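Next come the chains, spelled out residue by residue.
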Amino acid sequence: MKATVSDIARSCGLSTATVDRVLNNRPGASAANRQRVIEAAKQLGYLPVVDQVALPSRPAHLEFFLPIGSNAFMADLARHIEDYAARLPLVASCRIHKLTGISPSALQTAVENLSLKANGVGVIAVDHPRTRNILREIVEAGIRLVTLVSDVPGAPRSAYVGIDNRVAGRTAALLMGRFLGGRKGHLAMVVGSRSYRGHEEREMGFRSVLGEEFPNLTVTSAVEINDEPEVSYTATMNALHNEPELLGIYCIGAGRSGVAKALLEARPQKKPVFICHDLTRETRGYLVDDLLDVVIDQNARLIAEQSVIRLLGSIASSAPYLTRKFIDPRLIFKENVPVQ
(Lines give C-alpha, C1' and ligand atoms only; values in the text may rest on other atoms or scores of the structure.)
Protein backbone atom coordinates (compact mmCIF):
# COMPACT_ATOMS: atom_id res chain seq x y z
CA MET A 1 0.00 0.00 0.00
CA LYS A 2 1.33 3.43 -0.93
CA ALA A 3 2.34 5.78 1.88
CA THR A 4 0.03 8.71 2.67
CA VAL A 5 0.58 12.29 3.85
CA SER A 6 -0.39 11.11 7.35
CA ASP A 7 2.29 8.39 7.23
CA ILE A 8 4.92 10.96 6.26
CA ALA A 9 3.76 13.32 9.01
CA ARG A 10 4.06 10.57 11.63
CA SER A 11 7.48 9.53 10.32
CA CYS A 12 9.03 13.00 10.54
CA GLY A 13 7.03 14.29 13.53
CA LEU A 14 5.38 17.19 11.71
CA SER A 15 1.79 18.17 10.99
CA THR A 16 -0.02 17.01 7.87
CA ALA A 17 -0.44 20.68 6.91
CA THR A 18 3.35 21.18 6.91
CA VAL A 19 3.86 17.98 4.93
CA ASP A 20 1.25 19.11 2.38
CA ARG A 21 2.97 22.50 1.99
CA VAL A 22 6.33 20.86 1.36
CA LEU A 23 5.08 18.22 -1.08
CA ASN A 24 3.23 20.82 -3.12
CA ASN A 25 6.10 23.33 -2.99
CA ARG A 26 4.10 26.02 -1.20
CA PRO A 27 5.58 28.60 1.21
CA GLY A 28 5.24 28.35 4.96
CA ALA A 29 7.72 25.58 5.84
CA SER A 30 11.27 26.08 7.05
CA ALA A 31 14.25 24.66 5.15
CA ALA A 32 14.86 22.17 7.97
CA ASN A 33 11.27 20.92 7.90
CA ARG A 34 11.34 20.69 4.12
CA GLN A 35 14.40 18.48 4.35
CA ARG A 36 12.73 16.25 6.99
CA VAL A 37 9.59 15.86 4.89
CA ILE A 38 11.45 15.06 1.66
CA GLU A 39 13.67 12.49 3.38
CA ALA A 40 10.67 10.80 5.01
CA ALA A 41 8.76 10.80 1.71
CA LYS A 42 11.71 9.19 -0.07
CA GLN A 43 12.15 6.51 2.61
CA LEU A 44 8.46 5.65 2.53
CA GLY A 45 8.42 5.47 -1.27
CA TYR A 46 5.90 8.30 -1.57
CA LEU A 47 7.80 10.25 -4.24
CA PRO A 48 8.15 8.66 -7.68
CA VAL A 49 11.73 8.16 -8.86
CA VAL A 50 13.26 8.11 -12.36
CA ASP A 51 16.97 7.38 -12.80
CA GLN A 52 17.41 7.80 -9.02
CA VAL A 53 15.95 11.33 -9.18
CA ALA A 54 12.94 11.89 -6.91
CA LEU A 55 10.01 13.48 -8.75
CA PRO A 56 7.30 15.84 -7.46
CA SER A 57 4.04 14.51 -6.11
CA ARG A 58 1.94 16.73 -8.38
CA PRO A 59 2.20 17.57 -12.11
CA ALA A 60 4.44 20.56 -12.87
CA HIS A 61 4.37 23.30 -15.49
CA LEU A 62 7.65 23.52 -17.42
CA GLU A 63 8.93 26.13 -19.87
CA PHE A 64 12.05 26.17 -22.05
CA PHE A 65 13.83 29.10 -23.69
CA LEU A 66 15.81 27.98 -26.76
CA PRO A 67 17.58 30.03 -29.49
CA ILE A 68 16.37 27.77 -32.29
CA GLY A 69 16.67 30.01 -35.37
CA SER A 70 18.00 27.91 -38.26
CA ASN A 71 19.94 25.57 -35.96
CA ALA A 72 18.90 21.99 -36.75
CA PHE A 73 20.19 20.66 -33.43
CA MET A 74 18.10 23.17 -31.47
CA ALA A 75 15.03 22.27 -33.50
CA ASP A 76 15.61 18.56 -32.78
CA LEU A 77 16.09 19.34 -29.08
CA ALA A 78 12.81 21.28 -28.90
CA ARG A 79 10.96 18.46 -30.63
CA HIS A 80 12.38 15.84 -28.25
CA ILE A 81 11.50 17.95 -25.20
CA GLU A 82 7.91 18.35 -26.32
CA ASP A 83 7.60 14.67 -27.20
CA TYR A 84 9.04 13.39 -23.93
CA ALA A 85 7.13 15.85 -21.74
CA ALA A 86 3.85 14.89 -23.44
CA ARG A 87 4.38 11.27 -22.35
CA LEU A 88 5.00 12.07 -18.67
CA PRO A 89 1.93 12.31 -16.40
CA LEU A 90 3.94 14.49 -13.99
CA VAL A 91 4.24 17.25 -16.62
CA ALA A 92 1.07 19.33 -16.56
CA SER A 93 2.25 21.50 -19.45
CA CYS A 94 5.42 22.11 -21.44
CA ARG A 95 5.97 25.29 -23.44
CA ILE A 96 8.87 26.10 -25.76
CA HIS A 97 9.84 29.76 -26.20
CA LYS A 98 11.80 30.33 -29.42
CA LEU A 99 14.31 33.11 -28.75
CA THR A 100 14.87 35.67 -31.51
CA GLY A 101 18.64 35.60 -30.90
CA ILE A 102 21.33 34.74 -28.40
CA SER A 103 21.64 38.16 -26.76
CA PRO A 104 20.55 38.77 -23.13
CA SER A 105 17.94 41.22 -24.42
CA ALA A 106 16.34 38.45 -26.51
CA LEU A 107 16.12 36.28 -23.39
CA GLN A 108 14.72 39.20 -21.34
CA THR A 109 11.98 39.82 -23.90
CA ALA A 110 11.01 36.15 -23.96
CA VAL A 111 11.04 35.78 -20.16
CA GLU A 112 8.41 38.52 -19.94
CA ASN A 113 6.00 35.91 -21.38
CA LEU A 114 6.80 33.36 -18.66
CA SER A 115 3.59 31.87 -17.28
CA LEU A 116 2.64 32.60 -13.67
CA LYS A 117 2.01 28.85 -13.29
CA ALA A 118 5.55 27.86 -14.27
CA ASN A 119 7.34 25.62 -11.75
CA GLY A 120 10.52 24.97 -13.73
CA VAL A 121 12.50 26.62 -16.53
CA GLY A 122 15.16 25.22 -18.85
CA VAL A 123 17.34 27.63 -20.81
CA ILE A 124 20.18 27.78 -23.33
CA ALA A 125 21.85 31.14 -22.86
CA VAL A 126 25.13 33.00 -23.21
CA ASP A 127 27.22 33.51 -20.07
CA HIS A 128 26.82 37.27 -19.54
CA PRO A 129 26.16 39.47 -16.47
CA ARG A 130 22.71 40.47 -17.77
CA THR A 131 21.86 36.83 -18.47
CA ARG A 132 22.92 35.80 -14.97
CA ASN A 133 20.72 38.54 -13.50
CA ILE A 134 17.72 37.42 -15.56
CA LEU A 135 18.17 33.83 -14.42
CA ARG A 136 18.67 34.92 -10.81
CA GLU A 137 15.34 36.77 -10.89
CA ILE A 138 13.59 33.66 -12.23
CA VAL A 139 14.90 31.57 -9.32
CA GLU A 140 14.07 34.28 -6.76
CA ALA A 141 10.46 34.07 -8.00
CA GLY A 142 10.38 30.49 -6.71
CA ILE A 143 10.96 28.76 -10.07
CA ARG A 144 13.53 26.00 -10.48
CA LEU A 145 16.10 26.41 -13.24
CA VAL A 146 18.34 24.14 -15.31
CA THR A 147 20.79 25.18 -18.02
CA LEU A 148 21.11 23.09 -21.18
CA VAL A 149 23.96 22.47 -23.65
CA SER A 150 26.03 25.51 -22.55
CA ASP A 151 26.31 26.18 -18.83
CA VAL A 152 25.96 29.46 -16.94
CA PRO A 153 27.64 28.42 -13.67
CA GLY A 154 27.28 31.89 -12.12
CA ALA A 155 23.49 31.55 -12.20
CA PRO A 156 21.64 29.77 -9.35
CA ARG A 157 20.62 26.81 -11.53
CA SER A 158 19.74 23.47 -9.97
CA ALA A 159 21.58 21.52 -12.65
CA TYR A 160 23.41 21.70 -15.95
CA VAL A 161 22.30 19.17 -18.56
CA GLY A 162 24.79 18.49 -21.34
CA ILE A 163 28.24 17.25 -22.22
CA ASP A 164 31.56 18.45 -20.83
CA ASN A 165 32.33 20.84 -23.68
CA ARG A 166 36.01 21.21 -22.88
CA VAL A 167 36.40 17.43 -23.13
CA ALA A 168 34.48 17.51 -26.42
CA GLY A 169 36.95 20.04 -27.83
CA ARG A 170 39.91 18.00 -26.63
CA THR A 171 38.37 14.93 -28.26
CA ALA A 172 38.03 16.81 -31.57
CA ALA A 173 41.73 17.75 -31.48
CA LEU A 174 42.78 14.19 -30.67
CA LEU A 175 40.74 12.88 -33.60
CA MET A 176 42.11 15.57 -35.91
CA GLY A 177 45.70 14.72 -34.97
CA ARG A 178 45.16 10.99 -35.33
CA PHE A 179 43.41 11.40 -38.70
CA LEU A 180 46.31 13.47 -40.04
CA GLY A 181 48.92 10.96 -38.89
CA GLY A 182 51.82 13.27 -38.09
CA ARG A 183 51.44 15.57 -41.12
CA LYS A 184 52.53 19.17 -40.62
CA GLY A 185 50.28 22.01 -41.71
CA HIS A 186 47.41 24.38 -41.08
CA LEU A 187 43.88 24.02 -39.73
CA ALA A 188 40.79 26.25 -39.89
CA MET A 189 38.33 26.68 -37.04
CA VAL A 190 34.74 27.85 -37.44
CA VAL A 191 33.51 29.10 -34.06
CA GLY A 192 29.78 29.46 -33.42
CA SER A 193 29.85 32.16 -30.76
CA ARG A 194 32.34 32.63 -27.96
CA SER A 195 29.53 34.23 -25.99
CA TYR A 196 28.42 30.66 -25.31
CA ARG A 197 30.58 29.20 -22.57
CA GLY A 198 30.22 25.79 -24.27
CA HIS A 199 31.76 27.04 -27.53
CA GLU A 200 34.53 28.83 -25.69
CA GLU A 201 35.31 25.66 -23.73
CA ARG A 202 35.41 23.56 -26.90
CA GLU A 203 37.90 25.96 -28.49
CA MET A 204 40.05 25.94 -25.34
CA GLY A 205 40.05 22.15 -25.23
CA PHE A 206 40.88 21.86 -28.94
CA ARG A 207 43.81 24.28 -28.74
CA SER A 208 45.12 22.66 -25.56
CA VAL A 209 45.48 19.21 -27.10
CA LEU A 210 47.03 20.60 -30.27
CA GLY A 211 49.66 22.32 -28.17
CA GLU A 212 50.24 19.29 -25.96
CA GLU A 213 50.27 16.49 -28.54
CA PHE A 214 50.23 17.90 -32.08
CA PRO A 215 52.51 20.96 -32.31
CA ASN A 216 52.87 20.15 -36.01
CA LEU A 217 49.30 21.43 -36.52
CA THR A 218 48.58 25.16 -36.40
CA VAL A 219 45.20 26.94 -36.42
CA THR A 220 45.68 29.77 -38.92
CA SER A 221 42.02 30.74 -39.29
CA ALA A 222 39.49 30.99 -36.45
CA VAL A 223 36.35 32.89 -37.46
CA GLU A 224 33.39 33.53 -35.15
CA ILE A 225 30.27 33.11 -37.29
CA ASN A 226 27.43 33.47 -34.72
CA ASP A 227 25.99 30.19 -36.01
CA GLU A 228 25.21 31.71 -39.43
CA PRO A 229 25.74 29.25 -42.35
CA GLU A 230 26.34 32.10 -44.82
CA VAL A 231 29.18 33.45 -42.69
CA SER A 232 30.69 29.98 -42.21
CA TYR A 233 30.53 29.46 -45.99
CA THR A 234 32.48 32.68 -46.63
CA ALA A 235 34.99 31.92 -43.86
CA THR A 236 35.62 28.41 -45.23
CA MET A 237 36.00 29.64 -48.81
CA ASN A 238 38.53 32.23 -47.64
CA ALA A 239 40.45 29.61 -45.64
CA LEU A 240 40.58 27.24 -48.63
CA HIS A 241 41.73 30.07 -50.91
CA ASN A 242 44.44 31.26 -48.50
CA GLU A 243 45.61 27.73 -47.66
CA PRO A 244 45.32 25.52 -50.78
CA GLU A 245 46.70 22.59 -48.76
CA LEU A 246 44.54 23.15 -45.68
CA LEU A 247 44.66 19.94 -43.62
CA GLY A 248 41.56 20.18 -41.48
CA ILE A 249 38.45 22.14 -40.48
CA TYR A 250 36.86 22.05 -37.02
CA CYS A 251 33.32 23.48 -36.81
CA ILE A 252 32.57 24.18 -33.15
CA GLY A 253 28.87 25.09 -33.30
CA ALA A 254 26.26 25.47 -36.00
CA GLY A 255 27.20 26.69 -39.48
CA ARG A 256 28.04 23.15 -40.59
CA SER A 257 26.04 23.52 -43.80
CA GLY A 258 28.12 26.55 -44.81
CA VAL A 259 31.35 24.56 -44.41
CA ALA A 260 29.91 21.67 -46.43
CA LYS A 261 28.73 24.00 -49.20
CA ALA A 262 32.20 25.56 -49.45
CA LEU A 263 33.90 22.15 -49.64
CA LEU A 264 31.54 21.03 -52.41
CA GLU A 265 32.07 24.20 -54.45
CA ALA A 266 35.82 24.60 -53.92
CA ARG A 267 36.59 20.92 -54.52
CA PRO A 268 40.13 21.04 -53.06
CA GLN A 269 42.59 18.55 -54.52
CA LYS A 270 42.71 16.76 -51.16
CA LYS A 271 39.68 17.26 -48.92
CA PRO A 272 40.56 18.59 -45.44
CA VAL A 273 39.56 16.47 -42.48
CA PHE A 274 36.19 17.88 -41.42
CA ILE A 275 34.99 17.44 -37.80
CA CYS A 276 31.85 18.97 -36.33
CA HIS A 277 29.29 18.56 -33.56
CA ASP A 278 25.69 17.27 -33.47
CA LEU A 279 24.03 14.53 -35.46
CA THR A 280 21.26 16.03 -37.59
CA ARG A 281 19.58 15.11 -40.86
CA GLU A 282 22.20 17.19 -42.71
CA THR A 283 25.25 15.79 -40.93
CA ARG A 284 24.00 12.25 -41.50
CA GLY A 285 24.11 12.97 -45.22
CA TYR A 286 27.56 14.57 -45.01
CA LEU A 287 28.91 11.47 -43.25
CA VAL A 288 27.47 9.06 -45.79
CA ASP A 289 28.79 11.17 -48.70
CA ASP A 290 32.33 11.25 -47.18
CA LEU A 291 32.21 15.03 -46.89
CA LEU A 292 32.34 14.86 -43.09
CA ASP A 293 34.73 12.57 -41.20
CA VAL A 294 33.23 12.41 -37.72
CA VAL A 295 30.46 13.98 -35.63
CA ILE A 296 30.88 14.54 -31.90
CA ASP A 297 27.24 14.23 -30.92
CA GLN A 298 25.76 15.49 -27.66
CA ASN A 299 22.55 13.47 -28.15
CA ALA A 300 19.56 15.81 -28.44
CA ARG A 301 17.09 13.15 -27.32
CA LEU A 302 18.99 12.33 -24.12
CA ILE A 303 19.54 16.00 -23.25
CA ALA A 304 15.82 16.62 -23.76
CA GLU A 305 14.79 13.74 -21.51
CA GLN A 306 17.34 14.57 -18.81
CA SER A 307 16.39 18.26 -18.82
CA VAL A 308 12.76 17.37 -18.11
CA ILE A 309 13.72 14.82 -15.43
CA ARG A 310 16.22 17.19 -13.80
CA LEU A 311 13.65 19.99 -13.71
CA LEU A 312 11.09 17.70 -12.09
CA GLY A 313 13.74 16.47 -9.66
CA SER A 314 14.74 20.00 -8.68
CA ILE A 315 11.07 20.87 -8.05
CA ALA A 316 10.76 17.85 -5.75
CA SER A 317 14.05 18.44 -3.94
CA SER A 318 14.66 20.80 -1.04
CA ALA A 319 18.34 21.00 -1.99
CA PRO A 320 19.37 23.96 -4.21
CA TYR A 321 21.54 21.77 -6.48
CA LEU A 322 21.24 18.27 -7.87
CA THR A 323 24.20 15.91 -8.26
CA ARG A 324 26.30 16.89 -11.26
CA LYS A 325 26.31 14.35 -14.06
CA PHE A 326 27.54 15.01 -17.60
CA ILE A 327 26.04 13.34 -20.67
CA ASP A 328 28.63 11.28 -22.54
CA PRO A 329 29.19 12.46 -26.14
CA ARG A 330 28.98 9.95 -28.98
CA LEU A 331 31.50 9.65 -31.81
CA ILE A 332 29.57 9.05 -35.03
CA PHE A 333 31.32 7.85 -38.20
CA LYS A 334 29.64 6.85 -41.46
CA GLU A 335 29.74 3.20 -40.41
CA ASN A 336 27.85 3.63 -37.11
CA VAL A 337 25.22 6.28 -37.87
CA PRO A 338 22.35 5.33 -35.52
CA VAL A 339 18.78 4.80 -36.66
CA GLN A 340 16.68 7.91 -36.15
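The structure under discussion appears in the preceding block.
What comes next is a walk through the structure. (Residues numbered from 1 in each chain as written. Predicted model: local features only at pLDDT ≥ 70, side-chain atom pairs only at ≥ 80, totals over all residues. Heavy atoms only, no water.)

1. What to know about the overall build of the protein chain
Line of reasoning, step 1. A tally of helices and strands in the protein chain yields 12 helices and 13 strands.
Line of reasoning, step 2. For the C-alpha atoms alone, the extent of the protein chain along its principal axes is close to 75 × 40 × 35 Å.
Line of reasoning, step 3. Sequence-distant contacts in the protein chain: of pairs separated by 6 or more residues, those separated by 24 or more amount to 70%.
Line of reasoning, step 4. Only carbon and sulfur atoms are counted for the fraction: they give 49% of the accessible area of the protein chain, which is about 15,700 Å². (Helix = DSSP H or I, 4+ residues; strand = E, 2+ residues; numbered from the N terminus. Contact = heavy atoms within 4.5 Å. Areas by Shrake-Rupley, 256 points an atom, 1.4 Å probe, with all protein chains shown as cover.)

2. A short note on the packing of aromatic side chains
Line of reasoning, step 1. Inspection of every chain in the model, using the stated rule, returns two aromatic pairs.
Line of reasoning, step 2. With centroids separated by 6.2 Å and ring planes inclined at 75 degrees, the aromatic side chains of Tyr160 and Phe326 adopt a geometry described as edge-to-face. Note that Tyr160 is positioned in strand β7 (residues 159-161) and Phe326 in the loop between α12 (300-316) and β13 (330-332), a separation of 166 residues in sequence.
Line of reasoning, step 3. Residue Tyr160 is classed as buried on the basis of its relative accessible area of 9%.
Line of reasoning, step 4. Pairing Phe206 with Tyr250 gives two aromatic rings, centres 4.5 Å apart and planes at 25 degrees, and the pair type is stacked. One end of the pair, Phe206, is in helix α8 (residues 197-213); the other, Tyr250, is in strand β10 (residues 248-251), and 44 residues separate them in sequence. For the pair Phe206 and Tyr250, a shared accessibility class is recorded, and that class is buried.
Line of reasoning, step 5. Above the ring of Tyr233, the side-chain terminus of Lys261 is found at 4.7 Å from the ring centroid. (Phe/Tyr/Trp six-rings, centres within 6.5 Å; stacked < 30°, edge-to-face > 60°. Buried < 20%, exposed > 50% of the residue type's maximum accessible area, 1.4 Å probe, protein only. Lys NZ or Arg CZ within 6 Å of the ring centre and 35° of its normal.)

3. Concerning unusual backbone geometry
Line of reasoning, step 1. For Val149, which is not glycine, the phi torsion reads 70 degrees and is therefore positive.
Line of reasoning, step 2. For Val149, the location among the structural elements is in the loop between β6 (144-148) and β7.
Line of reasoning, step 3. Residues other than glycine seldom take positive phi values, yet Asp227 does so here, at roughly 60 degrees.
Line of reasoning, step 4. Topologically, Asp227 is positioned in the loop between β9 (217-224) and α9 (229-242).

4. Overview of the sheet that holds strand β4 (residues 91-98)
Line of reasoning, step 1. Across the sheet, five strands lie side by side as β4-β3-β5-β6-β7; this open sheet has parallel pairing. Since the sheet does not close on itself, it has two edges, and those belong to β4 and β7, each with one partner. The sheet shows a mean angle of 20 degrees between the axes of neighbouring strands, taken without regard to direction.
Line of reasoning, step 2. Here four bridges tie strand β5 (residues 120-123) to β6, and the two strands are oriented parallel to one another. Looking across to β6, one finds that Val121 is bridged to Leu145.
Line of reasoning, step 3. Along the sheet, helix α4 (residues 72-86) contacts β3 (60-66), β4 and β6; its crossing angle with β4, the most-contacted strand, is approximately 165 degrees. (Pairing = 2+ DSSP bridges. Axes fitted to C-alpha atoms, helices over the stretch in contact; angles between N-to-C directions.)

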